[in-house]
Amino acid sequence: MYKDLAKTWKHMQLEGHLLNFYSNLFQDLKKFAERINATGPEDIYGIPLIEDNLEEEADESTITIFPDDVKNFFEITLEFQEFCTFYCSMGILVPCNREIGILMYKQSCYGFSNTDVMESFKKQPARFVNSAFDCILKIPQLIFTLQVEEHFQFPVINNLKQKRKLPVFISERSVQTILHPTEKNIDYTYNWNQWSLRKQALKYVDLTSKKTHSTQTNLSHFRRENYSQVYLPKDNSTQTRKDASTNITKEGMPELYVRTRKTFFHWD
């Protein structure tokens, strides 16, 4: 019985702590909502306008970045919190597509939903960025949603904003060094093995007691090796017989037949 009572009391304490946590959270959110609703466009000032040229700007002012151009493509921090910059200038939140590439303009990266709006942004980037800030100014709630409070003197601090990450470009580099920076000095007779050195020393000591002897006999006196060269036989062939044949005309056939019969039967 006492164990069941202790478990019930423990559950009641946990529920009390949980209820207190939810109550404090609700009060904080209520104060935050009241502060946001009380903030109007007149309380926000200091918008950093970018030079807006109505004429088409050169393509060199923007840099197109693809996944193969940088190391941290999917980690780059995009402006307007991963929403298309072109549609943000109209006050519409459309997610961007990183696969088509991103644009870098004045140390800031922007994403787009398709290639058509990207090409439009390339022509007048300052105009679209200023239009996006104007739309955000009309709807102050988007300042905190798109995490652009650093561009405004907003009274609320965003503690959830992450650190900005810029692209790390990939570049090809080559380094050339001297072929042989140090002189070649290799001693091929060097041997680190102590036992091999002792063996070699014993050979040298043994050679000191040796002499070279040579003898010559009558048979080996003025003897030398001789060589001779002959011509190898050649393969030759001769022809001694020739096959030949003749062909007689048809007019001489009866006479040949008669002569043959006379010769065979010995006719006179």
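Residues numbered from 1 in each chain as written. Predicted model: local features only at pLDDT ≥ 70, side-chain atom pairs only at ≥ 80, totals over all residues. Heavy atoms only, no water.

As named in an unreviewed UniProt entry, the protein chain is Cilia- and flagella-associated protein 206, taken from Larinioides sclopetarius. Comment text from UniProt for the protein chain, heading Subcellular location (unreviewed entry), reads "Cytoplasm, Cytoskeleton, Cilium axoneme". Recorded under Function (unreviewed entry), the UniProt text for the protein chain is reproduced unchanged: "Essential for sperm motility and is involved in the regulation of the beating frequency of motile cilia on the epithelial cells of the respiratory tract. Required for the establishment of radial spokes in sperm flagella." (UniProt positions renumbered as here; feature names shortened; annotations may be inferred.)

Undergrad: Run through helix H4 (residues 125–138), naming residues and quoting values.
TA: Compared with the 20 Å implied by 1.5 Å per residue over 14 residues, the 21 Å span of H4 between its first and last C-alpha is a close match. Residues of H4 that are buried in the fold lie against strand S1 (62–65), helix H2 (85–88), strand S2 (102–105), strand S3 (108–110), helix H3 (115–123) and helix H5 (141–145). (Helix = DSSP H or I, 4+ residues; strand = E, 2+ residues; numbered from the N terminus. Expected span 1.5 Å × (residues − 1). Contact = heavy atoms within 4.5 Å.)

Undergrad: Describe the nonpolar core, and please don't skip the residues or the numbers.
TA: Formed by 24 residues in total, the largest nonpolar core has its most connected members in Phe80, Tyr110, Phe112, Phe121, Ile136, Leu146 and Val148. Looking at this core, the elements that each hand over two or more residues are H2, S2, H3, H4 and H5. The element that contributes the greatest number of residues to this core is H4, accounting for six residues. Those residues in contact with Phe121 that sit more than four places away from it in its chain are Thr85, Leu103, Tyr110, Phe112, Phe128 and Val129. One finds Val70, Ile76, Leu78 and Met104 within the second-largest nonpolar core, a separate group that totals nine residues. (Core = buried A, V, L, I, M, F, W, Y, C linked by side-chain atoms within 4.5 Å. Buried < 20%, exposed > 50% of the residue type's maximum accessible area, 1.4 Å probe, protein only.)

Undergrad: So what about the pattern of salt bridges? Which residues, and what values?
TA: A full pass over the atoms with the stated rule returns two salt bridges. When the shortest N-O distance is used, the salt bridge between Arg98 and Glu82 registers 2.6 Å. One end of the pair, Arg98, is in the loop between H2 and S2; the other, Glu82, is in the loop between S1 and H2, with 16 residues separating them in the sequence. Arg98 gets classed as buried once you look at its relative accessible area, which sits at 11%. When its relative accessible area of 34% is taken as the criterion, Glu82 is described as partly exposed. We note a salt bridge from Glu119 to Lys122, for which the minimum N-O separation is 3.6 Å. In this pair, Glu119 and Lys122 both sit in helix H3, three residues apart, roughly one turn of the helix. You can call Glu119 partly exposed: its relative accessible area is 41%. A residue is classified by how much of its surface remains accessible, and Lys122, at 16% relative accessible area, is buried. (Salt bridge = Lys/Arg side-chain N within 4 Å of Asp/Glu carboxyl O.)

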